[in-house]
Amino acid sequence: MTAMASDRIRHVSLSSVTLPLDVPVSDAKVLTGRQQPMTEIAFLFAELCTEDGHGGVGFSYSKRAGGPAQYAHAKEVAENLLGQDPSDIGKVYDTLLWAGASVGRSGVATQALAAIDIALWDLKAKRAGLPLAKLLGSYRDSVRTYNTSGGFLHAPVEEVKERAARSLADGIGGIKIKIGQPDMREDLRRLAAVRDHIGPDTPLMVDANQQWDRVSALRFGRAVEELGLVWIEEPLDAYDAEGHARLAAALDTPIATGEMLSSVAEHVRLIEAGAADILQPDAPRVGGITPFLRLAALADHAGLQLAPHFAMEIHVHLAAAYPREPWVEHFEWLDPLFEERLEIRDGRMLVPSRPGLGVTLSEQCRRWAVDGVEFGKL
Ligand SMILES: [Mg+2]
């Protein structure tokens, strides 16, 4: 069977979905008073359909604020997709960028495009009959995975320990806990308790969510140097590339950062400054898979490790296609949005063998839609 050389997008559907969380979630940004506990996540879904009957789905997301803005911008530019060949992703992406050129090439503007870009990649892989990782060129069939959702700061340490043990029993390969509280001694107590509970050989990471100054970060880093942490994440403000670089040079423990950045250009500053040993880009946040691939190539060229942030449903494919052995972050929060579940075994997340991303939106996901719009004809 040979696919037709070209195809045309005939229908675009956008929906704004609010995912409620089981319990309000707090990291250090809440404990320092900068944010309120998180109770829901806003998703922008894009679904595309072509003349030849191919389909693709992608999503972007926003925590706390920004969801309605992503949806509104996508709605403004989506009509430009009609009639375009979905295989020419770079060209289609440029069309959307120019349609919204005056609001720039980062942040909400490109996060709105991310849902569409990811849907285009999903469609292209499905059209080829390949999982996305295979379309991109995979280095492995599974990726090391660590759990984050069990280690937040609203949970007492006993609960964190229990959930860590459960994650490991479920086949997850590492545990990350949140730190960065106003009293660093409390962080050190929780960290020691978790390390003691999971044993010295289990990969363990910590995440301060940008809540330290340079002096506190260095002090903490020196205090835990002997613990053999896999990394210290976001010790400083996300945009303090120089501070991260100094810390990375001073400590043996690797420094990880990048999840808050919203463009390739912002990541280039980190890479050029030598700010991180492990880069943590987030495809929806940087504007989609197209920009993600550009910065992954730069990260590899600079010799960096990769541990993409959140959205494991997308990142398991992108991590599998990164040359250096990466990590992918496990959160079960998005499970209710999809019919499928990712398989986890022996510390690793398996790349789905289904074509595309390998996700189908659930009925529950559609019931959580708060707004929706369609362009073209089905
Ligand atoms: Mg983080």
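Position numbers for residues count from 1 along each chain, tracking the sequence in the order it is written. For this predicted model, a pLDDT threshold of at least 70 governs which residues receive local features, and a threshold of 80 or more governs which side-chain atom pairs are given and counted, while totals over whole chains, interfaces and linings are taken from all residues.

A. Geometry of the domain arrangement of the protein chain. Those domain boundaries reflect an automatic or database domain assignment. Here the protein chain is partitioned into domain 1 (9-129) and domain 2 (133-350). Between domain 1 and domain 2, the C-alpha centre-to-centre distance is 23 Å. If you look at the interface, domain 1 gives 31 residues, while domain 2 gives 25 residues. Put simply, DSSP H or I for four residues or longer makes a helix, DSSP E for two residues or longer makes a strand, and each gets a number counted from the N terminus. When residues of the side of domain 1 that touches domain 2 are traced back to their parent elements, those giving at least two are β1 (9-25), α1 (28-31), β3 (55-63), α3 (89-99) and α4 (107-128). If you tally residues by element for the side of domain 1 that touches domain 2, the top one is α4, at 11 residues. By the convention adopted here, residues are in contact when the distance between their C-beta atoms, placed from the backbone, does not exceed 7 Å.

B. The arrangement of the pairing of β1 in detail. The pairing criterion for strands is at least two bridges between them, as found by DSSP. The sheet contact formed by β1 and strand β2 (residues 38-50) spans 12 bridges and is antiparallel. Counted as the bridge partner of Ser13 is Glu47 from β2.

C. Up close: the sheet that holds β1. If you trace the four strands from one edge of the open sheet to the other, you get β3-β2-β1-β14, paired in antiparallel fashion. This sheet does not close on itself; its edge strands, each paired only once, are β3 and β14 (369-376). On average, each strand axis in the sheet is tilted by 15 degrees relative to the strand beside it, whichever way the strands run. Two strands pair when backbone bridges link them, and β2 and β3 are joined in this way by nine bridges, in the antiparallel orientation. Paired with Ala46 across the strands is Gly58, a residue of β3. Between N-to-C directions, angles cover 0 to 180 degrees, with each direction set by a line fitted to C-alpha atoms, over the stretch in contact for helices. Along the sheet, helix α2 (residues 67-77) makes contact with β1, β2, β3 and β14, crossing β2 at roughly 15 degrees. Sheet contacts for α4: β2 and β3; angle to β3, the most-contacted strand, approximately 150 degrees.

D. The packing of helix α10 (residues 264-273) against helix α12 (residues 289-301), seen in detail. Packing of α10 against α12 brings their axes to within 10 Å, and their N-to-C directions diverge by 10 degrees. Judged on the interaxial angle alone, α12 and α10 are roughly parallel. The residues of α12 that touch α10, namely those facing Val264, His267, Val268 and Ile271, are Pro291, Arg294, Leu295, Leu298 and Ala299. Note on angle classes: values under 35 degrees are labelled roughly parallel, values over 145 roughly antiparallel, values of 65 to 115 roughly perpendicular, and the remainder oblique.

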